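Structural features, examined
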Amino acid sequence: MSLLDKVFEVYNGLRVLFSQPEAMAAIAVCAIASGGYLLKQETEGVIVLLSQMEMFKGHSEKQITSMLNRLLNILSEKGINNLIAIANDSLYSENKETAFILATNIILVDGVLSAKEQGFLTNLYQVLEISPEKKSKIFQAKSQIHQVTQKKSKKYRINENGDKVNNNLVSS
């Protein structure tokens, strides 16, 4: 199997495509995994987010959970970049911005942006062909909602003014 075949999961000469809900859920799974670990509460939060989306109307929580589990298996077998490629190839162009907004929301919900997560979002906006201007607007809006700080180290945090503050010197 060639590299291109592996990227697009060719099976019997046909590229595998996801439905629109599956492709959106695949982006959500990749966003959860982008930090390097999966927490049960993050997965539960994604189920809630997805169930509120119009394209998931008619999907039960059990169906969404089953879909996420299947996508997590694909992620563990094929890797994050391959799963993103399949989702991108499957998504209609009008849903790509929504997918980026969803991923940004998932990543920023904890209020911390790690270097891995930042790298994931940078890669995702490029793969989904979101303009840099649109990416910045989405990121700024979601950052304000979630009061995001960039995770530099455990010893320091970034305050609302963008200044690095020693956590040992901050009193509650």
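Summary of the structure given here.

What counts, and where the lines are drawn
Residues numbered from 1 in each chain as written. Predicted model: local features only at pLDDT ≥ 70, side-chain atom pairs only at ≥ 80, totals over all residues. Heavy atoms only, no water. Helix = DSSP H or I, 4+ residues; strand = E, 2+ residues; numbered from the N terminus. Expected span 1.5 Å × (residues − 1). Buried < 20%, exposed > 50% of the residue type's maximum accessible area, 1.4 Å probe, protein only. Axes fitted to C-alpha atoms, helices over the stretch in contact; angles between N-to-C directions. Parallel < 35°, antiparallel > 145°, perpendicular 65-115°, else oblique. Left-handed = near helix turned anticlockwise from the far one by under 90°. Contact = heavy atoms within 4.5 Å. Nonpolar A, V, L, I, M, F, W, Y, C, P; charged D, E, K, R; others polar.

**Points about helix 2 (residues 20-33)**
Helix length check: helix 2, at 14 residues, gives a terminal C-alpha distance of 20 Å against a target of 20 Å (1.5 Å per residue), a fit within 8%. The buried fraction of helix 2 amounts to 13 of the 14 residues, a majority that puts the element mostly inside the structure.

**As for the packing of helix 2 against helix 6 (residues 93-108)**
Where helix 2 contacts helix 6, the two axes come as close as 9 Å, and the packing angle between them is 30°. Taken together, the axis directions place helix 2 and helix 6 in an arrangement best described as roughly parallel. Read as a crossing pair, helix 2 and helix 6 show a hand that is right-handed. Counting all contacts with helix 2, which are made through Gln-20, Met-24, Ile-27, Ala-28, Ala-31 and Ile-32, the residues of helix 6 involved are Asn-95, Thr-98, Ala-99, Leu-102, Ala-103, Ile-106 and Ile-107. Counted by class, the contact of helix 2 with helix 6 contains 10 nonpolar, three polar and no charged residues.

**Concerning unusual backbone geometry**
Backbone geometry places Glu-129, a non-glycine residue, at a positive phi of 60°. Secondary-structure assignment places Glu-129 in the loop between helix 7 (115-127) and helix 8 (132-146).

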